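Per-entry structural report
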Amino acid sequence: MRKFLRVVLGIKPAVTSTEAVEAAKRECERQDVPFREPVKCSERLRHYVVVSPANRAGACVFVGVSIETGKIISFQHFAR
């Protein structure tokens, strides 16, 4: 269904999930926030959501990365 909607809406994915994780890691370094493993990367219609660390509740980082451009579209850090 996601592929169908991308065709209909004209969305051309140019970024892989690995590239999205690397972009999120760079953004965390830029914001001076720890980026820890393991990482979860979820694919949405227009963006990836990268969560670090994926195995903890609290003290997490959520980064949204555009699937078309690779730009950071959202950044949230929840500190304990």
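Everything numeric here is computed off the predicted structure, so don't read it as measured data.

**Quick word on the overall build of the chain**
- Counting its regular elements, the chain contains two helices and four strands.
- The order of α-helices and β-strands along the chain, N terminus first, is α-α-β-β-β-β.
- C-alpha atoms of the chain, sized along the principal axes, occupy 40 × 25 × 15 Å.
- When burial is assessed residue by residue, the chain has 32% of its 80 residues classed as buried.
- In the chain, the proportion of contacts linking residues at least 24 apart, taken out of those at least 6 apart, comes to 38%.

**Points about the pattern of salt bridges**
- A complete count under the given rule lists four salt bridges for this structure.
- Arg2 is paired through a salt bridge with Glu43; the nearest N and O atoms lie 3.7 Å apart. In this pair, Arg2 sits in helix H1 (residues 2-9) while Glu43 sits in strand E1 (residues 40-43), placing the two residues 41 residues apart along the sequence.
- A salt bridge links Glu43 to Arg6; the nearest nitrogen and oxygen atoms lie 2.8 Å apart. One end of the pair, Glu43, is in strand E1; the other, Arg6, is in helix H1, and 37 residues separate them in sequence.
- Looking at Arg6, the relative accessible area reads 8%, which means it is buried.
- Members of the salt-bridge network, linked through shared partners, are Arg2, Arg6 and Glu43.

**Quick notes on the packing of aromatic side chains**
- The full count for this structure, using the stated rule, is one aromatic pair.
- Aromatic side chains Phe62 and Phe78 sit 5.7 Å apart centroid to centroid with 80° between the ring planes, which places their arrangement in the edge-to-face category. Of this pair, Phe62 sits in strand E3 (residues 60-66) while Phe78 sits in strand E4 (residues 72-78), placing them 16 residues apart in sequence.
- With relative accessibility at 42%, the residue Phe78 sits in the partly exposed group.

Calculation criteria
Residues numbered from 1 in each chain as written. Predicted model: local features only at pLDDT ≥ 70, side-chain atom pairs only at ≥ 80, totals over all residues. Heavy atoms only, no water. Helix = DSSP H or I, 4+ residues; strand = E, 2+ residues; numbered from the N terminus. Buried < 20%, exposed > 50% of the residue type's maximum accessible area, 1.4 Å probe, protein only. Contact = heavy atoms within 4.5 Å. Salt bridge = Lys/Arg side-chain N within 4 Å of Asp/Glu carboxyl O. Phe/Tyr/Trp six-rings, centres within 6.5 Å; stacked < 30°, edge-to-face > 60°.

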